[in-house]
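What follows is the residue order along each chain.
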Amino acid sequence: MTELYDLAKRDRLAFWADQAHELYWHKPFTKTLNWSDAPFAKWFEDGQINASYNCLDRHVLAGLGDRVALFFEGEPGDSKVFTYSELLAETKKAANALIALGIESGDRVAIYMPMIPETVIAILAVARIGAVHSVVFGGFSSDSLRSRIDDAQAKLVITADGGFRKGRAHPLKEAVDQALQEGNCPSVEHVLVVERTKNDVTFGPKDTWWHDALSNAATEHVAAGFDSEHPLFILYTSGTTGKPKGILHTTGGYLTGASYTHRTVFDLKPNTDVYWCTADVGWITGHSYVVYGPLANGATQVIYEGTPDTPSFERWWQIIAKYHVSIFYTAPTAIRTFMKIGREIVEGHDLSSLRILGSVGEPINPEAWNWYKEVVGGSRCEIVDTWWQTETGSIMISPIPGAFKTKPGSAQRPLPGITIGIVDELGAPVEKTAEGSVAGYLTIDEPWPSMLRGVWGDPERFKETYWNKFPGKYFAGDGARFDEDGDIWLLGRIDDVIKVSGHRLSTAEIESALVEHHWVAEAAVVGAKDEITEQAVVAFVILRQDEIADAPSETDIAKILRDWVTQKIGAIARPRQIMVVTELPKTRSGKIMRRLLRDVAEGRPVGDVTTLADSSVMTAINDKLHLGASD
Ligand code: WTA
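Position numbers for residues count from 1 along each chain, tracking the sequence in the order it is written. Local features in this predicted model are restricted to residues whose pLDDT is 70 or higher, and side-chain atom pairs enter the listing and the counts only when it is 80 or higher, whereas totals over whole chains, interfaces and linings include all residues. By convention in this description, side-chain values take in all heavy atoms of the structure and omit both hydrogens and water.

## Section: helix α13 (residues 332–341)
Put simply, the rule reads: When accessible area is computed with a 1.4 Å probe and restricted to protein chains, residues below 20% of their type maximum are described as buried, those above 50% as exposed, and intermediate ones as partly exposed. Each helix is a run of H or I in the DSSP string that is no shorter than four residues. Each strand is a run of E no shorter than two, and both are numbered from the N terminus. Whether two residues touch is decided by their heavy atoms; if any such pair falls within 4.5 Å, the residues are in contact.
Those residues of α13 that fall on the buried side of the exposure criterion are P332, T333, A334, I335, R336 and F338. Next to the buried residues of α13 lie α12 (315–323), β18 (327–330), α14 (344–347), β19 (356–360), α15 (366–376) and β29 (534–543). With its phi angle positive at about 120°, G342 sits one or two positions after the end of α13.

Put into C-alpha cells, the structure is as follows:
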C-alpha cells in the first residue's frame, strides 16, 4: 500500500487518471484535470461514463452476477438477498419506470426513503438515465423536505409508505403529502411509493405504487454514457447560514473518489469481504460508502433498516455474526453508546470475522478508539479514522491499513493524491516543531476528483464559503493541528456547524426555526459538549411577553418549543435543553457571544465578559439556569 503514496507524490494527476481507469468509461478521457476556471474543476472532462453501469452491469458482464451485492436485514427481522444480477434487473426496470413517468437526463428526483434495497435501486435507476438524485434523510420533517424539493425543483419524489424504526412504522408518504399539500412544490409531477410497512396511505392523482410501475416496465435497459461532469446528485447539508446548501457532485470524478477510497481505506477484497456501513443513505456516508463506493468495487455488503437498539442492543452484533461481516464502518457516537452500556453486550457474539473497523463523522476520542479496537476488534483489527465531508465526496484523511502504525484519536495522514494544509488566520502554514504545531484551519490545497462542483443554484455561495478565506485553497471549516510525528488531529468545527451523533446541523437553521414560533422574539443555539453524541443542541430563547400572556409554565414552553423544532427540521435537531432568558449576551456591535452561552450550557464558569455591551446579562442567565427543561 505504501507505493500508492510514492506514485501520487511523483505524479498526482497520473495517479488520479490511474484510479479513474479502474472504472469503465463509455468514452475514454484524454484530459485528467481542467482547473482553468478554478474553483470550478473539470475532471476527466472529455470522457463519458455511467455510474449505474459501473456499479452493476460491469460486474455482471465480468461473470460476477451471482455475487451477493446486498444482504438486507429489515428491522422486524425479515431479510432479503440481492445478487448483482438481481440488483441490475430491478434497476433496469426502475429506470424504465422513471422514463415512463417522463423523467429525462438532468431532471431532479427527490428520494425520501428508509434503508431498504429499493432505495439503492432508486438511486441507481436515477443515475442510470442521467437524472440527478437528491436524497433527503427520512428523519427530516415535511417542512425540510419541502424546501429541498423546491430548491432542486424536483419533478418526481420516490418514497415509501413507511420504514421500520424502533419497532414502529415511521410514516414517510404522509410527510410527502404534507410537503406537497395546498399546491406546494409545484415542480413535482409524480410520486412513486414503495410498499414497505403496509400502513395506511392516502393516494392522490400524482401517486403510483413502485411495484405497479416496475411490473409494467420493460426489463431491458441499455445504459448510455454521460459526460464525466454530468451532475450525479445534489445532497443538502447544513452550513453557517439558516438555509441548507445543495452540494453538487458530478459523475466521473465523484465515482473515481468514492471507489478509490473505499477499496484503499478498507483494504477491500471484494470476493471474500462482507462490508457493512451503518450510515443512512440520507447522508453523504451512505452515498459514497453504501451505494457508490462498495457497488462500484463489486463488494458484498449488509444494509440494515433499523436502529441499533431494536429489539435490543444486541442487534448490530448479531448482524455482524450472522453475515460474517469483515469490514465495519460506523460513527463514534455509536461506539460511545455501547461503551456506556458495557462490553458484555458485544462480547457475547462471535465477531471473529471482523478485520477492519472504520470511524466517521466526528472526532473519535482515544478512549472510544481503544474500546473499539479492543472490545469490538478483539485487539486484532485495524482502525481507520476517516475525516471527510459532504463537500469532499470521499475520504480525505485516514490511515491506510498496514501502511503505518495507527494512533488512537488521530486521522493521521491525507490519502495518496490529497494535499492537506493547516494554516493560521492569515493563511500562513502553521509552524511544525518537534512538539507538533499550534491549532489552525484545515485546508485542502489542490483539487481532487470527488470535490463538490458547486452549491446548487448559487455559484457565488460556493466561492464565498469555501474559497475566499484562503485564496486558492479549499477551506474545510474544521480546526486541526499536527502532532510531533506530523500526524493530523482534527479538532472539530470552527464555525456554527455542529455535529450531533455524527449528524450535521446548523445552529443558525435551528435559530430560524425557533424564531418562526410566535412566542419567540430571539434565539441563540449552541452545540454543547455531550458525553455520547459529541455535541448536543442547547437553545436560549427570549420570549415575546405580549404573546405569552396566558401561556403555560416555562417548562411547558420549553417542551412545546422543542417539539416545534422537531416539527420544523426533524428529531435530530430537537434541542436537548431550552433555556428561557430575558437577554442574550451581545457585543457592543450586537453580535451574540456564543462562547459564553456554551460555557453556561456546558456548566462551566463563564469566561471573559469584558466585551459584552452589558456584562450583567450573564449573571442573569446563570441565575435562571434551573428553570430550563431537558429530556
Ligand atoms: C466532521 C461526514 C473528526 C468534520 C462524512 C467535518 C470529522 C464534518 C470526521 C463533515 C473525523 C467527519 N474526525 N471530524 N473522522 N469525519 N468529521 O458533511 O467536522 O456530515 O467537517 O460529512 O464532520 O460532516 P458531513
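## So, the pattern of salt bridges
The criterion, for reference: A pairing counts as a salt bridge when a side-chain nitrogen of Lys or Arg comes within 4 Å of a carboxyl oxygen of Asp or Glu.
Counting across every chain of the model gives 40 salt bridges. The salt bridge partner of R355 is D273, with a shortest N-O separation of 2.7 Å. Taken together, the residues R355 in the loop between α14 and β19 and D273 in the loop between α10 (251–265) and β16 (274–277) connect sequence positions 82 residues apart. By relative accessible area, D273 is classed as buried at 5%.

## A closer look at the environment of R574
To keep it simple, the criterion reads: Polar contact criterion, stated in full: a pair of N or O atoms within 3.5 Å, where within protein one must be able to donate a hydrogen and the other to accept it, and residues adjacent in sequence count only if both atoms are side-chain atoms.
Note that R574 resides in the loop between α18 (554–568) and β30 (577–581). With 13 residues separating them in the primary sequence, R574 and L561 have C-alpha atoms 9.0 Å apart. Looking at R574, its side chain comes within polar contact range of the side chain of T566, at 3.2 Å.

## Looking at the layout of surface pockets
Stated formally: Think of a 1 Å grid over just the protein atoms. A cavity is a set of points where a 1.4 Å probe fits yet cannot get out, a pocket is an open set with protein on both sides within 12 Å along at least five of seven lines, and lining residues have an atom within 4 Å of a point. Grid points are joined across faces, edges and corners, and a volume is the space filled by probe spheres set on the points. Put simply, Ala, Val, Leu, Ile, Met, Phe, Trp, Tyr, Cys and Pro go in the nonpolar bin, Asp, Glu, Lys and Arg in the charged bin, and everything else, Gly too, in the polar bin.
In this structure, the second largest pocket occupies an estimated 410 Å³ of space. Contributing to the lining of the second largest pocket are 19 residues, with K9, P414, I418, T419 and I420 lying nearest its centre. Put simply, the parts of the chain that give the lining of the second largest pocket at least two residues each are α1 (2–10) and β21 (420–423). In terms of residue count, the dominant contributor to the lining of the second largest pocket is α1 (4 residues). Partitioning the lining of the second largest pocket into residue classes produces 10 nonpolar, 4 polar and 5 charged.

## A word on the sheet that holds strand β4 (residues 68–73)
Strand pairing within a sheet occurs via backbone hydrogen bonds; the two strands may be parallel or antiparallel. Stated precisely, the cut-off is as follows: For two strands to count as paired, DSSP must find a minimum of two bridges between them. In this description, a line fitted to the C-alpha atoms serves as the axis of each element, helices being fitted only across the stretch in contact, and the angle between N-to-C directions of two axes falls anywhere from 0 to 180 degrees.
A sheet is described by the order of its strands in space; here 7 strands give the open sequence β5-β4-β17-β16-β18-β19-β20, paired in mixed fashion. Only two strands of the sheet have a single neighbouring strand rather than two, namely β5 (79–83) and β20 (382–386). Each strand of the sheet is rotated relative to its neighbour by a mean of 20°, with strand direction disregarded. Judged from the 4 bridges that link them, β18 and β19 form a sheet pairing that is parallel. Across the sheet, residue Y329 finds its bridge partner in β19, namely G358. Of the strands in this sheet, β4 and β5 touch helix α5 (residues 84–100), which is tilted by about 90° from β5.

## Some remarks on the packing of α1 against helix α2 (residues 12–20)
For any two helices packed against each other, the geometry comes down to the angle between their axes and how far apart the axes lie. Just so we agree on the cut-off: With respect to orientation, any angle under 35 degrees is reported as roughly parallel, any angle over 145 as roughly antiparallel, any angle of 65 to 115 as roughly perpendicular, and every other angle as oblique.
The contact between α1 and α2 brings their axes to 5 Å, and the two run at 125°. It follows that α1 is oblique to α2 by the angle criterion. Judged by residue contacts, L4, L7, A8 and R10 of α1 engage R12, F15 and Q19 from α2. For the contact of α1 with α2, a count of residues per class yields 4 nonpolar, 1 polar and 2 charged.

## Thoughts on the pairing of β29
With 9 of its 10 residues buried, β29 lies for the most part within the structure. The sheet contact formed by strand β28 (residues 520–530) and β29 spans 10 bridges and is antiparallel. Bridging across to β29, D530 finds its partner in E534. Here β28 folds back onto β29 in antiparallel fashion, the turn holding 3 residues. Judged from the 5 bridges that link them, β29 and β30 form a sheet pairing that is parallel. Its bridge partner being in β30, V541 is matched across the sheet by V580.

## Focus on the packing of aromatic side chains
What counts is decided by this rule: For this analysis, a ring pair means two rings from Phe, Tyr or Trp (six-membered ring only for Trp) whose centres lie within 6.5 Å, classed as stacked if their planes differ by under 30 degrees, edge-to-face if by over 60, and tilted for the remaining angles. Whether a charge sits over a ring depends on NZ of Lys or CZ of Arg being within 6 Å of the ring centre and within 35 degrees of the ring normal.
The full count for this structure, using the stated rule, is 41 aromatic pairs. When the ring of F462 is compared with that of W467, the centres are 6.2 Å apart and the planes differ by 70°; the resulting orientation is edge-to-face. Assigned by exposure class, F462 and W467 land together as buried. Relative to Y474, the ring of W467 has its centre 5.7 Å away and its plane inclined at 70°; by these criteria the two rings are edge-to-face. Grouping aromatic residues by their ring pairs yields a cluster made of W35, F40, W448, F462, Y466, W467 and Y474. The ring of F404 is capped by R413, whose NZ or CZ atom sits 4.3 Å from the centre of that ring.

## A few points about the site of the ligand
The following threshold applies: The criterion for a residue being near a molecule or strand is simple. One of its heavy atoms has to lie within 4 Å of it.
The environment of the ligand is made up of 17 residues, and the closest members are D385, T386, T390, D478 and R504. Separating a nitrogen atom of the ligand from a side-chain N or O atom of D385 is a distance of 2.8 Å. For the ligand, a nitrogen atom lies 2.7 Å from a polar atom in the backbone of T386. Among the secondary structure elements, those contributing two or more residues to the shell around the ligand are α11 (284–296), β20 and β25 (488–493).

## Remarks on unusual backbone geometry
Leaving glycine out, the prevailing phi sign among residues is negative, and the prevailing peptide bond configuration is trans. Note that the residue after A38, namely P39, is joined by a cis bond; omega there is 5°. A cis amide bond links T310 with the next residue in sequence, P311, at an omega value of -5°. With respect to the helices and strands, the residue P311 is situated in the loop between β17 (300–304) and α12. Of note, F44 is a non-glycine position whose phi angle comes to about 55°, a positive value. Relative accessible area serves as the criterion here: at 0%, F44 is assigned to the buried category. Unusually for a residue other than glycine, S379 sits at a positive phi of about 60°.

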